[in-house]
Structures are given as structure tokens and as C-alpha cells.
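# Working through the structure, step by step
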2 protein chains.
Amino acid sequence: MTDFVQAASQVMTWCNELGAVSQADYVDRRYLTEQHRQANDLVAHWMQQAGCKTWEDGAANLWGRYESDNENAQRFILGSHLDTVPNGGKYDGMLGVLAPIAVVNYLHSHNIRLPFHIDIVGFGDEEGTRFGSTLLGSRALTGQWQKEWADLADSEGITLSQAMSNFGLSFANIGNSKITNPSGLLGYLEIHIEQGPVLEDKNLPVGIVTAINGARRFWFDIEGFAGHAGTVPMGLRQDALAASAEMILAVESIAAEFGVVATVGAIENRPNGVNVISGKTRFSLDIRSEDDRLRDRAFDAILAKLESIAEHRNTGLTYTQTHSANAVSCAPELQAMLTQAINNADFTPYSLSSGAGHDAMAIADICDVAMMFVRCYKGISHHPAESIKTHDVEASLIVLHQFLLLLSEQYSTTK
Amino acid sequence: MTDFVQAASQVMTWCNELGAVSQADYVDRRYLTEQHRQANDLVAHWMQQAGCKTWEDGAANLWGRYESDNENAQRFILGSHLDTVPNGGKYDGMLGVLAPIAVVNYLHSHNIRLPFHIDIVGFGDEEGTRFGSTLLGSRALTGQWQKEWADLADSEGITLSQAMSNFGLSFANIGNSKITNPSGLLGYLEIHIEQGPVLEDKNLPVGIVTAINGARRFWFDIEGFAGHAGTVPMGLRQDALAASAEMILAVESIAAEFGVVATVGAIENRPNGVNVISGKTRFSLDIRSEDDRLRDRAFDAILAKLESIAEHRNTGLTYTQTHSANAVSCAPELQAMLTQAINNADFTPYSLSSGAGHDAMAIADICDVAMMFVRCYKGISHHPAESIKTHDVEASLIVLHQFLLLLSEQYSTTK
């Protein structure tokens, strides 16, 4: 098991090196930029050193194949994304590309070939920071791109279509990146930092993801009546902010009661003066669960409570839904195999759902997907303080290695 | 009693005419502007028509004296301010200058002289909109101007000192406006729109002000821990906005319990993203009462509750006081006389405190003060929708007339 101490250090060094490839003083690497080119070239070099043959597809995703001896074997995909948010961290996405390279490098250096191809992929866009649309890399594999995306423009007015041309690609040819024979796919495993505090709270290095939660988002508008803070008695007020405060607490307690997560993250208040009773307040709601029906029942309960608060306080209440996505389940067989791999590695298996979206959501359209989370410091992500321990990376490499051995065993038995 | 029907219409016409003297499309008339000059000239003209001799003092306050036959009689001041907030109304301030002119005009047209001088004053600045410091007009009478105010600048960088020079005045000579013989003052009565909904709620045209409430203002800073809205379980959150929501409700309920008014009118939230748990939230608190000790006890109770919420939720809590002013009581004798005047006029006397600040606060330093509130539509002020009924203006004129008769009677008896 100690074979992965050096490999884990190597992954951390790669993360640092890759984190320096940025279009700003902070970590910032967006789709189809010069830094995207540099990152692909750098990672391709590490893939090649690990014994992979590399290529880029028509969406600028980087691929590295560690070939099976059997040319006609199925492919198992390991990967995540290589882009970052502005002022982000060095591990969100990158770890899921670099950890597999380190394990493949181990296999290569020990002259171990697997009965299936390992395809490591570094998606060019997951965050959607440049063009506003997320998962562009993985959705190119599943044929989900829309024609009108050609005109999506970045902050400088460069369209996705132009940016692809500048990168040596063609928007018109994006269909060629679609995986047209999903039967050739054995599955997909994504390693990712947790972006939450659960593994830290449980004191565990890794966790098995059960599902990627479905999310719904809303804006609520509360209409009260603005007034002078000194002259309107408490009993005659229609205070939109006080009504919102009561609603925010209701969201919190109903979410806990139903076992979902619900967040009021944004609030806008008018006129927002220290001596004026609030006339209008709007706030967001983000509600998620691995169980779509539970989430919807919790939302219905929240809405009923908010309506009753509005009625009681004589304020207006309107809302609009701005986003809705269903949960994506991880394949039970792959979850079971990850559990076995964690047991084999003498860690404690722990299952949790993913509250954040990942490339695996898109890939689930074409094959079975699994995800392994790695503990991260205080659950912080999308921030320079994003941090992981070398020891936890080592754990993830050991588990991934065990997982590949179990998968090889099963593949050899059943195919 | 019907003599004031026409007078009330006249006051409404004057309010409309004066409301048109503005530096913008909406009502906006600030201290020492060209529009201040125009307003003073217009109101001086109406004062003169009502039999007053007029002058301006060194702070650009407009005065109109309806002289007693006894040159050495005391002065009773009736007045309010002629400036407005930007996008304000036509009655806040102005009514307290124009209503006395209408009553004096009545006395003049009936050849009635009183045993004391009536001094009607239109203060040049109460709102403080131009230079940030409020009550400049009335504080000139009480000698409260500070030397450093010379450098207070408006939004265009013009200092108070420069603006006075431009208006033909001298900041250095402001001391000359101070009333140096307060024994010559019989008292001060200010008529003002209520700026609150209480008289409307009680279905009364006018009310007697007991005191101008003392106010304290604070900012509270809540420090939580930002996190991903999807990945942090409800039980592991330190949500600054949810904590603030609980605190805002506590402010509301403790204020009602103590019988004070307390308002959280402004809130700022960070990072304020729909998918991010709030890390930092700050909110204002404005707390007022006619009883300073009650207000302070209520604040102590609020603070204790907020600290307990912060401890329970594991968030930081700090606060700063940005303003503190004690309550100013209206003179009991003048309140009693107003009550009598309202009874004589066949209205129902109703006493209430003023939640907003007024010129009377400053004048209380040099003589007894009283205030009469006039019902306004929905309590709206500082807004174009500010509105009063002609019928209520008529009531205020009748009461003011009765008040002056009672005061004359008392003056003749006791002096």
C-alpha cells in the first residue's frame, strides 16, 4: 500500500504546477483560452510519461488512453475537468484528472496492463465561467450541444463559435465528438474534492457518492409597505424584510425537517435605508436532494409556509422558478465496487450524495457513472483557500488502484 | 368655524405653488440654492400680504412678524422648514410655515392684534440633504453650529462656507443669528404632517405631540462561514443570513414587547450568491421611544438576545453605535393648551409621540416647544405620494386659531 506515497506527492506537485497556468494573478483558467492550450499540453505530457497515447477531441477535451492488450476491449473512463472558476482553487476538477494519471503511471511502471482500455479525460469546460453554459466538455461527448450556443459570448464579446475557430476547432463539427457507440463504454469514474464538510466531520479521507442531487432554484418577491422607521408603530407595519426574515427561518427549519438542503443565499432589499421600513425584499431559494420527490415535497411545504407568513403579515408574495434539474444516481454496481475497494484498502466506506453538479451528470446519459469524493479543508472550494491533504490523495490513489483491480477481475470473468 | 374653509384651500394652493419651486423634475429644494432664494421670496410675499414684516437671518431662515401693539411684548414662534428631501413631498415642513400664515392672514383681515408678537419662521435647512448635517436652520437660532461645519461639502464639492457666501451670507457671522434673549420667547409651536399612520388609523385630523422620540442607531456584523449551497448539510452550517433572519425577528418581537419602535431597515449580505451559504451579513438597527430609559432597556434586551442567537449558531457578532439622541419632551402647559384648543374646536384630542426628528428638537434648547400633527395619507412622507386632505388642513387652522386665542387670554392675564 505504500507504493502511492510518492505518487500522491507527485499529484500535489502537478496540482501546483497546473495551478500556475492562469490568465490572472489568481487561479483562473477558462475554456478555449491560451491557458487552456497550455494546460492541455502540460497534462498531455504527464499522460504520455505515464504510458498513455493522447489526443484532443473536437471540444478541446484532452484524452489519454492507457491501452489494453486487447484492441477491441471496452473503455473505462476516468476523468474530470481542467477549467477553473475565477479566483478558484487548484484541486476542483484537476484532482480527478491527475490522480488517474498517477495510478496509470504506477501500472505502467510495473508493466501492468488491464483487460480494458483506461481513457483518462480532462474536460475543457465544466464551470461554464467563460460562456455561461456549464458542462460544455462532457456534453460534447453526449451530443447535447445546441446550435444556438454558437453565439454565446464571453465578457469580451467573443462567441463560442469564434473561440473554437481561434483554438483550431469548428463549432460545426462538434457532432464528431459525440460518443456514438456507448456499448463500448464500461463506465465512468470521477474523483473530486467533496466541496463540503461531511468527510472532514466524519474524519474520513474518501467517500462514495450515491447520487448527484437534483436542484431547483427560485426567486421570491415580498411586497410590503415602506414607511418611516420612527413613525409607524410595530403593529401597523408591513415590513417586507421582517417578513422575509421569518420566511428564511422557515426555509431552514423545513429543510432540516425533510432532510434536504435549502439555502437562501441572496437577498435584495428596498429602499434599504437605516431609517426606512422595508417596502420590497427579494430572496433566492436553492433546494437540493438526492431524492427528487422528497425535494419537491419539501418545496411544497416551504411554499405553503411562506404563503401563510405572507398572509399573516399582509405582504405580497410572488415567486419564479429559475432552474430545475433532477437528481442523477450513481450506478449501484460501481458504488458496490468502490465500497469493496475502500474495504480492501482498510478504510471505512462512507456514502454521501453530491450537492454540487459534476461532469458525471452529463456522462450518465451514455454510461454507468460513479464518483469518489476526497476530503477537503473545511469544505472550501472555488476559493484560493481550497486545500487537500497529501495523505488523503494517497488514500484516493490506493482506492482507485483497488477499484481497477476489482473491475479487471470482474471484466475478465464476465466478458 | 367656517371661516377657515377658504384659508385651507389657500394653504393647499400655496403648497402646490411652493412645491413647483424645485431644482429637479421632482420636488427637491435644498439649503442655500437658487430655489431656496425663490422659495424665501415667494413665502415672504405671502407673509407680507398677511400683514407681516419680513426678514432673513444670517442662516437664510425666513421670518415674518405679525406685530403686537405692544412693541416690548414677548414673541411666540410658529414655524417649520422650507427645504425638502430629493423626490420629496409638498407638505413635510411647508405646512408648518404656510398654515400659520393663513391664520395670521385671518387675524389681519379681521383687524385682530394679539398681545404678543407672532414670529413665523421658515427654516432653510432641516433635512440636511445638501450638507449632511440636519437642522442647520433651527440650530443657528440656538448657537449650536460648529466651526468645522464650514468645510462640509455638497455632492459638487461646494462647502457650506462657500454656499453661504454665494447666498450673500457669511459663515463667520452665523453667531449673530443666535437668539440671545430667550426670556423674550413665549414658546414655539410646529405644525407638521404626522409621517405615520396613527391619526389615519384613529380617524382623527390632528394630534398633540407629547415628545420627539430619542433614537439610537447601530450596525450589527454577523460573521458566519460561506459554503456551497449544495454540499454543506443543514446541521453543519454557519449561515450568516439565517442568523441575521433570526435576529431581525427578535428585534421585532422585543420592540413590540417593550412598546418601542425598532427597525432593521438595511441589510448587506456576502457573497450574496444564489448557490452560496452567506458568510457575512450586516444589518442596521434604529430604535426609538419617547422614554429614553425604556428605549435603552429594550436595546439591552435585544442585544442579549442577539448575542444568545450568535452563540447558539456559532457565528460572530459585533456592533457599533452610529447615532444617539435623547427624547425631547413637549412642554406640558402647551400640550394642555393644544388639548383645550382641540376640544374648543369640537375635535377629539389625541396624544402621540413623534418618531421622526423635527426643528422643535433644536428649539427646545431655548424655549418651551409644542407640536401639532396633521393626518397624512397612509403615513407616507419623503415621497411624491405624500398627501393631506384640505379638510384636515382646515381643522389644523381652526385649532391653531383657538390655540392663539387661549394663549392671548393667558398672556393678558399673567403678564
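In this text the structure is predicted, and so the values were computed from the model without any measurement.

### Comments concerning the nonpolar core
Residue and element names in this part refer to chain B. Core analysis: the largest hydrophobic core is formed by 68 residues, its most contacted members being V43, L98, I101, I118, L397, F403 and L404. Per element, the largest residue contribution to this core is 11 residues, and it comes from helix α11 (residues 390–414). Look past the residues within four positions of L98 in its chain and what remains in contact with it is V11, W14, C15, L18, V43 and W46.

### Some details on empty space enclosed by the protein
Evaluation of the coordinates by the stated rule reveals 1 cavity of 30 Å³ or more. Size it by volume and the largest cavity reaches roughly 70 Å³. As for the largest cavity, its lining consists of M234, R237, D239 and A242 of chain A together with I248, V251, E252, A262, T263 and V264 of chain B. Those elements that provide at least two residues to the lining of the largest cavity are α7 (240–258) and β9 (261–263) of chain B. The element that contributes the greatest number of residues to the lining of the largest cavity is α7 of chain B, accounting for 3 residues. Classifying every residue of the lining of the largest cavity gives 6 nonpolar, 1 polar and 3 charged.

### A short note on the environment of A153 of chain B
All names here are of chain B. The topology assignment puts A153 in the loop between α4 (136–141) and α5 (160–166). Taking the C-alpha atoms as reference points, A153 and P86, 67 residues apart in sequence, are found 17 Å from one another. With residues up to four places along the chain from it excluded, the contact list for A153 reads R130, F131, I158 and T159.

### Examining the packing of helix α1 (residues 4–19) of chain B against helix α2 (residues 34–49) of chain B
All names here are of chain B. At a minimum axis distance of 10 Å, the contact between α1 and α2 shows a crossing angle of 160 degrees. Classified by the angle between their axes, α1 and α2 sit roughly antiparallel to one another. Like other packed secondary-structure pairs, α1 and α2 cross with a definite hand, here right-handed. Residues W14, E17 and L18 of α1 lie in contact with α2, whose contacting residues are A39, L42, V43 and W46. Partitioned by chemical class, the residues of the contact of α1 with α2 number 6 nonpolar, no polar and 1 charged.

### Things to note about the packing of aromatic side chains
Evaluation of the coordinates by the stated rule reveals 28 aromatic pairs over all chains. When the centroid spacing of 5.7 Å and the interplanar angle of 55 degrees are considered together, the rings of F76 of chain B and F403 of chain B count as tilted. With F76 of chain B in strand β3 (residues 75–81) and F403 of chain B in helix α11, this residue pair connects regions lying 327 residues apart in the sequence. For the pair F76 of chain B and F403 of chain B, one class covers both residues: buried. Taking NZ or CZ as reference, R216 of chain A lies 5.0 Å from the ring centre of F299 of chain A, over its face. The ring of W63 of chain B carries the charged tip of R75 of chain B above its face, separated from the ring centre by 5.5 Å.

### Digging into the domain arrangement of chain A
Residues and elements named next belong to chain A. Annotation of chain A at the domain level lists domain 1 (2–213 + 327–414) and domain 2 (214–325). The C-alpha-based centres of domain 1 and domain 2 are spaced at 37 Å. Across the boundary between the two partners, domain 1 contributes 8 residues, which contact 7 residues of domain 2. Summing both partners gives a buried area of about 520 Å² for domain 1 against domain 2, and 43% of it is carried by carbon and sulfur. Of all residues in domain 1, N213, A327 and G355 bury the most surface against domain 2, accounting for 75% of the area lost on that side. Summed over the shared surface of domain 1 and domain 2, the result is 0 salt bridges.

### Regarding the relation of the copies chain A and chain B
Of the transformation superimposing chain A on chain B, the axial component is 0.1 Å and the angular component is 180 degrees, with the fit at an RMSD of 0.1 Å. Viewed as a symmetry operation, the transformation between the two copies matches a two-fold axis. Relative to the rotation axis, the C-alpha of A245 of chain A is the closest in chain A, positioned 2.1 Å from it. When the interface residues of chain A are mapped onto chain B, 100% of them are again interface residues, pointing to one common binding face.

### Structural notes on the pattern of salt bridges
All names here are of chain A. Here the structure, examined in full by the defined rule, presents 32 salt bridges over all chains. When the shortest N-O distance is used, the salt bridge between D296 and R216 registers 2.9 Å. With D296 in helix α8 (residues 292–313) and R216 in strand β7 (residues 214–223), this pair connects stretches of sequence that are 80 residues apart. Accessibility expressed as a relative area gives 14% for R216, which makes it buried. Salt bridges sharing partners connect three or more residues here, namely R216, D292, R295 and D296.

Reading the values: the criteria
- Residues numbered from 1 in each chain as written.
- Chains lettered and ligands numbered in written order.
- Predicted model: local features only at pLDDT ≥ 70, side-chain atom pairs only at ≥ 80, totals over all residues.
- Heavy atoms only, no water.
- Core = buried A, V, L, I, M, F, W, Y, C linked by side-chain atoms within 4.5 Å.
- Buried < 20%, exposed > 50% of the residue type's maximum accessible area, 1.4 Å probe, protein only.
- Helix = DSSP H or I, 4+ residues; strand = E, 2+ residues; numbered from the N terminus.
- Contact = heavy atoms within 4.5 Å.
- 1 Å grid on protein atoms, 1.4 Å probe; cavity = no way out; pocket = protein on both sides within 12 Å on 5 of 7 lines; lining within 4 Å.
- Points joined across faces, edges and corners; volume = space filled by probe spheres on them.
- Nonpolar A, V, L, I, M, F, W, Y, C, P; charged D, E, K, R; others polar.
- Axes fitted to C-alpha atoms, helices over the stretch in contact; angles between N-to-C directions.
- Parallel < 35°, antiparallel > 145°, perpendicular 65-115°, else oblique.
- Left-handed = near helix turned anticlockwise from the far one by under 90°.
- Phe/Tyr/Trp six-rings, centres within 6.5 Å; stacked < 30°, edge-to-face > 60°.
- Lys NZ or Arg CZ within 6 Å of the ring centre and 35° of its normal.
- Domains from an automatic or database assignment.
- Buried area = accessible area lost by both parts, 1.4 Å probe.
- Salt bridge = Lys/Arg side-chain N within 4 Å of Asp/Glu carboxyl O.
- Least-squares fit on C-alpha atoms with pLDDT ≥ 70 in both.

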